[in-house]
Amino acid sequence: MEKQPRLLSSKLVHKQRQVEVVLNSRILAWKEIESSRKRGSGLNDTSGTAHSRGVQVCEILAVQKTEEDESTNTRSQKKAKQYSLLYAHSFTVFYVKRTRQHQWRCSEVTFHCASQGLCEQWIQVIAEQLSLLANRPKSLLVYINPYGGKQCGQSIYEQKVAPLFHRACISADVIVTEYANHARDHLKTEANLDKYDGVVCVGGDGMFSEILHGLVSRTQTDHGVDQNQPDAVLVPCSLHIGIIPAGSTDCICFATIGTNDPVTSALHIIVGDSQPMDVCSVHHNNVFLRYSVSLLGYGFYGDVLTDSERKRWLGPARYDLSGVKTFLSHNFYEGTVSFLPAEDTMGNPRDKLRCRSGCHVCQHKPSSKDNQWEMSEEKEKFDKGDSSDWNVIHGKFIAINAASMSCACPRSPKGLSPSAHLADGTADLILVRKCSRLDFFRHLLRHTNKDDQFDHSFVEVHRVRKFRFQPQHQEPVSLEDLSETPKKTGFSPMCSAQTNCNYSSIHSSWNCDGEILPHTAIQVSVQCQLIRLFARGIEEQQPHCVFEDPCTLQALEPH
Ligand SMILES: Nc1ncnc2c1ncn2[C@@H]1O[C@H](COP(=O)(O)OP(=O)(O)OP(=O)(O)O)[C@@H](O)[C@H]1O
Ligand SMILES: CCCCCCCCCCCCC/C=C/[C@@H](O)[C@H](CO)NC(=O)CCCCC
Ligand SMILES: [Ca+2]
């Protein structure tokens, strides 16, 4: 989370604190009146405590002169009307209000002042404070996928998000995509990124993946980095990415703000939150394939995705149907997994240290030992095929999953790897060996409850910086397989064992953030904190702070 700008002079800081105090007290006072009114006691009774969380300036969304509300039919509106006759000038402050399950809402409070000058002075003071918040975006490039999820991306944006951006004086250039990869290609080539403070994608994880690829490829091209080099040190992206969830899984949004609610996400964008995130680069024979930030899954999740692609018309339910069908097929796949364990990390995949807002594990810079890997002799040995530090595991697997984040999502609230971190430079490699259907069912079920899904004899998990997978049976090399857009139907059957083998039963495909990779032999490397999201990680659920001292209505006197 970026600190408040250092540029505030002592006078302004005093004013900022003073503004906060007054806002807190006024909002508390206002709540006080509301709660005492509800309690039926006299208005002047301020002895109670106001259960409320103070409002910091950094969570004020906007301030504006109050629009006159002519309707005065209810009692409180009549009271407000009398009040406003006494105090003819008023301004409204819009601020973030936390509700249940990490959801945020835009709340407002109106201040009444006797003199117009005082009122305008307050508006100016608060507006000035807001303009000093350097991390807030002023201009955004928005891509909407009209067909993702339940096909309501456009209405979600127009009805729930655009009004909030407008109120916060954020200008948005909106592009509704017309075909797959439209957003990625536009970002890679035509978009003039200097005009914007951030890019927003309205859709699901697949849409986010397009923005990710467009932005990262553009950044590498602009800096002359060849992303085809598996061990190229990639340049981090400067523009933040915002997600307005309108997809089927939305696990990236869910794992970075704790919910897949569009309004909450829009408010995190407006206040200019910043959350760094790891990105995995995936290569095949020194050719770049794709980036991944959530799940790289071979076996179960790869087969679920392959099967669900033929059922896109089902929307989000396609994954459940394909999940059951894949579970019943119960295929397993032979191959060799080699990985470079992450030494000296602060956490491990089973330590129950969850990645939350202000995460200490993510703030811990990997020791020089890990960084020395890039220049060390082990790396040369590995590149020549001899890899001392690397672990090698050969076996038959039902699933091989690499999670560079928890992958928490509505289907699985704690996620594929509950203790994985968003920005620690590692990924959790989960190996599920061949087992019975019942055992695998138990393992899956634990993703939806509090039990430890790694506590099985056939499951092992490792925190890694790099890993490779080599399937037992060499995959066919044919021209169409080298095409860029992966074929959704899998490969033509050809393998060394027998000519009539059923190809799909010995080869799965890689599910890379919901896209199918065109190859099964891959090498993966975690790029630490390559991108930033307009998010702050999942906030710990704090009890509402209780203010003991009663507060009285203070005259709004900016000193
Ligand atoms: N205008 C478009 N027409 C067709 N496909 C599109 C369009 N815009 C984007 N796409 C593609 O649609 C795919 C799915 O989009 P999205 O991820 O938004 O929905 P989803 O797949 O239902 O959600 P999730 O990925 O969370 O499961 C993406 O891979 C994206 O590349
Ligand atoms: C018996 C009860 C079984 C319950 C199963 C619980 C397991 C759910 C774990 C969910 C992990 C989601 C990982 C997210 C991956 C996304 O990048 C990707 C694109 O959106 N989604 C899928 O591949 C779609 C993945 C679909 C998973 C089913
Ligand atoms: Ca990580």
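Throughout this document, residue positions are counted from 1 along each chain, in the order its sequence is written. All chains are assigned letters beginning with A, and all ligands numbers beginning with 1, in the order in which they are written. Where local features are concerned, this predicted model is filtered to residues with pLDDT of at least 70; where side-chain atom pairs are given and counted, the filter is 80 or more; whole-chain, interface and lining totals use all residues. Only hydrogens and water are set aside when side-chain values are computed; all heavy atoms of the structure are taken into account.

Structural notes on the UniProt feature "domain: DAGKc" (unreviewed entry) in the protein
Those places that UniProt annotates as "domain: DAGKc" (unreviewed entry) correspond, in this numbering, to residues 135–286. Under the scheme used here, helices are H or I runs from DSSP no shorter than 4 residues and strands are E runs no shorter than 2 residues, and both carry numbers assigned from the N terminus. In residues 135–286, helix accounts for 37% and strand for 22%; the two terminal C-alpha atoms are 38 Å from one another. UniProt positions are given in the numbering used here, feature names are shortened, and annotations may be inferred rather than shown by experiment.

Overview of the pairing of strand E7 (residues 198–203)
Exposure classes here rest on a 1.4 Å probe applied to the protein chains alone. A residue is buried below 20% of its type maximum, exposed above 50%, and partly exposed in between. Here E7 lies mainly inside the structure; six of its six residues are buried. Residues of E7 alternate between two faces, with Gly198, Val200 and Val202 on one and Val199, Cys201 and Gly203 on the opposite face, all of them buried. Direction of pairing for strand E5 (residues 139–144) relative to E7: parallel, over a ladder of five bridges. In the strand pairing of E7, Leu140 is matched with Gly198. Two strands qualify as a pair provided that DSSP identifies no fewer than 2 bridges between them. Note that E7 and strand E8 (residues 240–245) share six bridges and pair parallel. By the bridge assignment for E8, Val200 is matched with Gly242. On the question of chirality, the crossover connecting E7 to the parallel E8 by way of helix H6 (residues 205–222) is right-handed. Crossover handedness is defined here as right-handed if the route from the first strand over the helix to the second strand goes clockwise, with the strands pointing away from the viewer.

Description of the coordination of the calcium ion (ligand 3)
Ideal geometry at a metal gives 109.5 degrees between four tetrahedral donors and either 90 or 180 degrees between six octahedral ones. Only nitrogen, oxygen and sulfur atoms qualify as donors, provided they sit within 2.8 Å of the metal or within 3.2 Å for Na, K and Ca; with water excluded from the atoms, sites may seem incomplete. Looking at the metal site, the calcium ion (ligand 3) is ligated by Asp278 (OD), Ser404 (O), His421 (O), Asp424 (OD) and Thr426 (O), spaced 2.3 to 2.6 Å from it. The sequence motif formed by the donor residues of the calcium ion (ligand 3) is D-x125-S-x16-H-x2-D-x1-T. Of the two residues, Ser404 is situated in the loop between strand E13 (391–403) and strand E14 (427–433) and Thr426 in the loop between E13 and E14; the sequence distance between them amounts to 22 residues. A single burial state applies to Ser404 and to Thr426, both of which are buried.

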